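Residues per chain are reported as follows:
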Amino acid sequence: MILNENWQTFLQSELEKEYFTNLSSFIEKEYACKTIYPPYKNIFRAFNLLNPDEVKVVIIGQDPYHGPNQAKGLAFSVPKETKIPPSLVNIYKELVDDIGCKTPANGDLSSWARQGVLLINAVLTVEHALPNSHKNMGWEIFTNSVISKLSDEYENIVFILWGNPSQKKASLIDEQKHLILKAPHPSPLSAYRGFFKSKPFSLTNAYLKKHNLKEIDWSLKGEKTLL
């Protein structure tokens, strides 16, 4: 699994632990004999698009999309040519309502990542058509450590926690140093319970501006959407 040098240094003690060695072995075996998402080279793509000291915002999902040509290593994101999944459709609805931009043209969120948004899932891999199939294999320990370490070593990061599994990670974050934004998951099953009108994008930028940090351009500059 490819992880850039800055993250390797930042997470060195975690990568040396026995659970992570066991997790790596499990992942290699799974990719060798099953259809697993995202592609092996993209497991750590969310990390490789920015360095630890560039993280301004952390958005935490559950696990990757489990259909073909969807998951590419960024939570909630899909390739430009792929139909936008329902959860991301709802994210875009809230985005348009919140900041008044046009609906993005596709589901590629890599421009957010390049601006400092760490788009990670609690579990970084999944078997085809089997959501949560890699739950409790070690990924949660790893991503918990990432969140704790970012909280401990930096200040003024916005943690956006959508859905109950993500919100459980709030205990890992120092609320005296960072902003935590909680809302129901954007899934069609839960979005109407408070995800809509939660205004995560404008609240994030207001916090970044308050702390003299460059705001995120969330707009993705689109006019049409592939529904």
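Everything in this summary refers to the structure shown in the same document. Here the structure is a predicted model, which means the values were calculated and not measured. (Residues numbered from 1 in each chain as written. Predicted model: local features only at pLDDT ≥ 70, side-chain atom pairs only at ≥ 80, totals over all residues. Heavy atoms only, no water.)

**Some details on the nonpolar core**
Core analysis: the largest hydrophobic core is formed by 69 residues, its most contacted members being Trp112 and Leu118. Each residue touching Leu118, except ones within four places of it in the same chain, is listed here: Trp7, Ala46, Phe47, Leu50, Val55, Val57, Val58, Ile59, Val146 and Leu150. (Core = buried A, V, L, I, M, F, W, Y, C linked by side-chain atoms within 4.5 Å. Buried < 20%, exposed > 50% of the residue type's maximum accessible area, 1.4 Å probe, protein only. Contact = heavy atoms within 4.5 Å.)

**Some details on the pattern of salt bridges**
Tallied over the full model, the rule gives 5 salt bridges. Among the salt bridges present, the one from Lys17 reaches Glu14, with a minimum N-O distance of 3.1 Å. Residue Lys17 is classed as partly exposed on the basis of its relative accessible area of 40%. We note a salt bridge from Glu30 to Lys34, for which the minimum N-O separation is 3.1 Å. (Salt bridge = Lys/Arg side-chain N within 4 Å of Asp/Glu carboxyl O.)

**Some points on the sheet that holds strand 2 (residues 57-61)**
Taken in spatial order, the 4 strands make up an open sheet running 3-2-5-6, and their pairing is parallel. Each edge of the open sheet is held by one strand with a lone partner, namely strand 3 (117-121) and strand 6 (179-183). Pairwise comparison of adjacent strand axes, ignoring direction, gives a mean angle of 15° for this sheet. Pairing of strand 5 (residues 158-162) with strand 6 involves 5 bridges; the strand directions are parallel. Counterpart to Leu161 in the pairing with strand 6 is Lys182. (Pairing = 2+ DSSP bridges. Helix = DSSP H or I, 4+ residues; strand = E, 2+ residues; numbered from the N terminus. Axes fitted to C-alpha atoms, helices over the stretch in contact; angles between N-to-C directions.)

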